[in-house]
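Observations on the model geometry
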Amino acid sequence: MSPPEPRKPMESNMSRTLGIIGAGAVGQTVARLAIAGGWNVVLSNSRGPRSLTDLVTELGPKARAATVAEAAIAGDLVVAAVPLIAHAQLPKRELAGKIVIDTMNYTVERDGHLPELDSNELTSSGMTQRHLADSRVVKAFNNITTDHLAALPRPKDVADRNALPIAGDDTEAKKEAGALLSDLGFDAVDVGDLGQSWRFGPNTALYALVYAGEEMPEGLYGPEVLQWFLGTPGGPVPAGQVARLAAEAVRGRADVFFDD
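Let us look at the structure shown here. Nothing here was measured: the structure is a model prediction, and the numbers come from that model. (Residues numbered from 1 in each chain as written. Predicted model: local features only at pLDDT ≥ 70, side-chain atom pairs only at ≥ 80, totals over all residues. Heavy atoms only, no water.)

With that out of the way, let us pick up the pairing of strand S7 (residues 163-168). In terms of residue burial, S7 counts as a mostly covered element, since 6 of its 6 residues are buried. Neither face of S7 is left uncovered, since the one carrying Ala163, Pro165 and Ala167 and the one carrying Leu164, Ile166 and Gly168 both have all their residues buried. Of the strand pairs in this sheet, strand S6 (residues 136-139) and S7 are connected by 2 bridges, and their pairing is antiparallel. Bridged to Lys139 within S7 is Ala167. Sheet topology places S7 next to strand S8 (residues 187-190); 4 bridges connect them, and they run parallel. In the sheet register, Ile166 faces S8, and the bridge partner there is Asp190. (Buried < 20%, exposed > 50% of the residue type's maximum accessible area, 1.4 Å probe, protein only. Helix = DSSP H or I, 4+ residues; strand = E, 2+ residues; numbered from the N terminus. Pairing = 2+ DSSP bridges.)

In structure tokens form, the structure reads like this:
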């Protein structure tokens, strides 16, 4: 996938900082988009700042590495880009009062069975909000692959701008998260509170495949679907389409991924 084209930074964001906890594919992709959108970024992971030396050198002067606690404190907004199984390790004290962008999905194969999620008693974001009781959690970035996230940013006010869904319990936090998404090159569609975040999780029409940019050929099954999908270029998914698919979503079992 081609890297996003540089965009003129918004003047108001010249001194804003995005803290990122987790420097895997999601964290790195968001960092690159944030820098292109005029933000400073502070990256962190569980292995410590030294493990990120090469990455921050590549990203340039608007990026630096820090500990998880330092990234949490430094960020005007903070992105949690860790596996859901690690959500309880997010630092409560340092994230108190912060807007935390939750990118996590529940995957039984990785996270093990979590009964409250299996039964749909909670969403994964609800579980994260319960852990971060003094933070304002907003769900975003969890329904798109990093390849498509990197390939699909568009300037504001263009006809084919892509949209991403968000959910959260705090209205002002969602406005701030939406402004961040706009700086990164996407419109934001508010689908409701954290209890509605399942509407763009796994097993829904808003999860991953919708951003492929082309129709899936007939007759593909199992690994063939994945092979096709990984080669797709990505294509426009406007705000109206995101809103419609979110409204039409039907909730399935959270512990079954792409149930037949």
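Still to come is the rest of the account.
Grouped together as the largest cluster of nonpolar side chains are 47 residues, with contacts concentrated most on Leu18, Val41, Leu43, Ile101 and Phe141. Apart from the residues within four sequence positions on either side, Leu18 is in contact with Val30, Ala34, Trp39, Asn40, Val41, Val42, Gly75, Leu77, Val78, Val79 and Leu180. Residues Val78, Leu95, Met104 and Met127 belong to the second largest nonpolar core, which totals 18 residues. (Core = buried A, V, L, I, M, F, W, Y, C linked by side-chain atoms within 4.5 Å. Contact = heavy atoms within 4.5 Å.)

Here we come to the pairing of S6. Two elements, strand S5 (residues 99-102) and S6, share 4 bridges in a ladder whose sense is parallel. Its bridge partner lying in S6, Asp102 is registered against Lys139.

Let's shift gears to the sheet that holds S8. Through backbone hydrogen bonds, the strands of a sheet pair up, either in parallel or in antiparallel fashion. Ordered by their spatial adjacency, 8 strands build an open sheet running S3-S2-S1-S4-S5-S6-S7-S8, and the pairing between neighbours is mixed. On the outer flanks of this sheet lie strand S3 (63-65) and S8, each paired with one strand and no other. Within this sheet the neighbouring strands show an average axis-to-axis angle of 25°, counted without direction. Those strands touched by helix H7 (residues 124-131) are S5 and S6, and its axis lies near 160° from that of S6. Its contacts with the sheet put helix H9 (residues 171-184) on strand S1 (17-21), strand S4 (77-80), S5, S6, S7 and S8, and the angle it makes with S7 is roughly 160°. (Axes fitted to C-alpha atoms, helices over the stretch in contact; angles between N-to-C directions.)

Before going further, it helps to examine the pattern of salt bridges. Side-chain pairs of opposite charge can arise where the charged atoms are in close proximity. All told, the structure shown has 11 salt bridges when counted by the stated rule. In this structure, Arg130 engages Glu116 in a salt bridge whose closest nitrogen and oxygen atoms are separated by 2.8 Å. Remark: Glu116 occurs in helix H6 (residues 115-118) and Arg130 occurs in helix H7; sequence separation between them is 14 residues. Classification of Arg130 by relative accessible area gives partly exposed; the value is 47%. (Salt bridge = Lys/Arg side-chain N within 4 Å of Asp/Glu carboxyl O.)

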